[in-house]
Amino acid sequence: MVTIGSFADAARGASGTVVVIDVFRAFTTAAVALANGARRIVMVADLDEALALRAQGLGSRCLGERHGIRPDGFDFGNSPAEIADKRFDGETLIQTTSNGTRGVLLAKGAQRIYAGSFVSAEATVRAIQAAGPGPVTLVAMGETSESRADEDEICALYLRSRLAGRRPDPTALATLVATMALRADTVTLSAEDIDCCLRLDSVPFAIRVAIEDGRYIATAERPPG
Ligand SMILES: O=C(O)[C@H](CS(=O)(=O)O)OP(=O)(O)O
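For clarity, every value in this text was computed on a predicted model and none was experimentally measured.

Q: Explain the environment of Ile41 residue by residue, including any values.
A: Tracing the sequence through the fold places Ile41 in strand E3 (residues 40-43). Look at Ile41 and you get buried, because 28 C-beta atoms sit within 10 Å. For the pair Ile41 and Gly59, spaced 18 residues apart in sequence, the C-alpha separation works out to 8.2 Å.

Q: Any chance you could break down the sheet that holds strand E2 (residues 16-21) for me, citing the residues and the numbers?
A: Ordered in space as E1-E7-E2-E6-E8-E9-E3-E5-E4, the nine strands form an open sheet in which the pairing is mixed. Both outer strands of the open sheet, strand E1 (2-6) and strand E4 (61-64), are each paired with one neighbouring strand and no more. Looking at each pair of strands side by side, their axes are set apart by 30° on average, direction ignored. Running at roughly 90° to strand E8 (residues 206-212), helix H2 (residues 26-35) makes contact with E3, E4, strand E5 (92-96), strand E6 (110-116), E8 and strand E9 (215-221) of the sheet.

Q: Tell me about the nonpolar core, residues and numbers included.
A: Judged by nonpolar contacts, the single largest core of 68 residues is most densely connected at Val20, Ile21, Ala30, Ala33, Val139 and Ile207. Sort the elements by how many residues they give to this core and H2 lands first, with seven residues. Every residue in contact with Val20, bar those within four places of it in the chain, is listed here: Ala11, Gly100, Gly103, Val104, Ala107, Ile113, Ala115, Gly116, Val139 and Met141.

Q: Provide a residue-level description of the site of the ligand, including the pertinent values.
A: Around the ligand sit 15 residues, and of these Ala26, Gly68, Thr97, Asn99 and Gly100 come closest. Along the lines of polarity and charge, the residues of the shell around the ligand split into two nonpolar, nine polar and four charged.

Q: How would you summarise the packing of helix H6 (residues 150-163) against helix H7 (residues 170-180) if you had to cite specific residues and measurements?
A: Running from N to C, H6 and H7 cross one another at 160°; their axes reach a closest spacing of 9 Å. For the element pair H6 / H7, the angle class is roughly antiparallel. At the point where H6 passes H7, the crossing takes the right-handed sense. Note on element contacts: H7 touches H6 through Leu173, Leu176, Val177 and Met180, opposite Asp150, Glu151, Ile154 and Tyr158. Tallied by class, residues from the contact of H6 with H7 come to six nonpolar, no polar and two charged.

Q: Go over unusual backbone geometry with me, naming the residues and quoting the values.
A: That bond from Phe24 to Arg25 is cis: its omega, 5°, falls within 30 degrees of zero. Mapped onto the fold, Arg25 is located in the loop between E2 and H2. For Phe7, which is not glycine, the phi torsion reads 80° and is therefore positive. Its location among the elements puts Phe7 in helix H1 (residues 7-13). A positive phi angle, close to 50°, is found at Asp213, a residue other than glycine. Its location among the elements puts Asp213 in the loop between E8 and E9.

Q: Can you lay out the environment of Thr97 for me, pointing to particular residues and giving the numbers?
A: For Thr97, the location among the structural elements is in the loop between E5 and helix H4 (100-106). Looking at Thr97, the number of C-beta atoms within 10 Å reads 24, which means it is buried. Sequence spacing of Thr97 and Arg66 is 31 residues, and the spatial spacing of their C-alpha atoms is 6.6 Å.

Q: Kindly report on the packing of helix H5 (residues 121-130) against H6, identifying the contributing residues and their values.
A: Put simply, H5 and H6 touch, their axes get as near as 10 Å, and they point 50° apart. With respect to their mutual orientation, H5 and H6 come out oblique. For H5 against H6, the interelement crossing comes out right-handed. The residues of H6 that touch H5, namely those facing Ala121, Glu122, Thr124, Val125 and Ile128, are Tyr158, Leu159, Arg162 and Leu163. The residue inventory of the contact of H5 with H6, partitioned by class, reads six nonpolar, one polar and two charged.

Rules used in this analysis
Residues numbered from 1 in each chain as written. Predicted model: local features only at pLDDT ≥ 70, side-chain atom pairs only at ≥ 80, totals over all residues. Helix = DSSP H or I, 4+ residues; strand = E, 2+ residues; numbered from the N terminus. Buried ≥ 20, exposed ≤ 12 C-beta atoms within 10 Å, placed from the backbone. Pairing = 2+ DSSP bridges. Axes fitted to C-alpha atoms, helices over the stretch in contact; angles between N-to-C directions. Contact = placed C-beta atoms within 7 Å. Core = buried A, V, L, I, M, F, W, Y, C linked by C-beta atoms within 7 Å. Near = placed C-beta within 6 Å. Nonpolar A, V, L, I, M, F, W, Y, C, P; charged D, E, K, R; others polar. Parallel < 35°, antiparallel > 145°, perpendicular 65-115°, else oblique. Left-handed = near helix turned anticlockwise from the far one by under 90°.

And the structure:
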């Protein structure tokens, strides 16, 4: 059975395989970082924790935002376009964002966690299917857990549709999201970021988040076949 929920409460209550969805921009940024060679991304709650991990050498660079903006001391913001031409070969990165990474950290009832967005949609569907039958919860994180983000909701519906074997028209999907889901109040969301975030299936892996020594570690999981 596939269930769709929204916001932090849905992440808190989710069980089974959980896909935490954040299209603009956390999990598109994470996908681009992994595609550009990063080996792991440690997802953390706090800015101070991120900076401390980097200082301890447990990660090489910090990515993220608060109020959409790169925090002081961070190497990059939460922007896929900003890192599109950067290489992170073999690096462990550290990411913290207002909604996406927060949702991952809240999904304590999950048996498996994926960080979902359009760029990894098909790989995420195939990874879930490869893991075998079981309950799946799709969590559209939205904006600050109060207002629905159309792109996250649409991505959840799209993933549910693909999990059911249907094939929504990708061109129609891109047009719908591009014309419907632009957040006018988000000044930090550039046209370049939007373009990156709408590249359906542009990476060949799902983002699997596993807990290692209490830390949430995202890696690229390439589904079989
Ligand atoms: O950086 C983002 O796009 C958002 C923060 S805001 O909604 O732009 O203020 O963070 P995310 O966790 O990626 O939703």
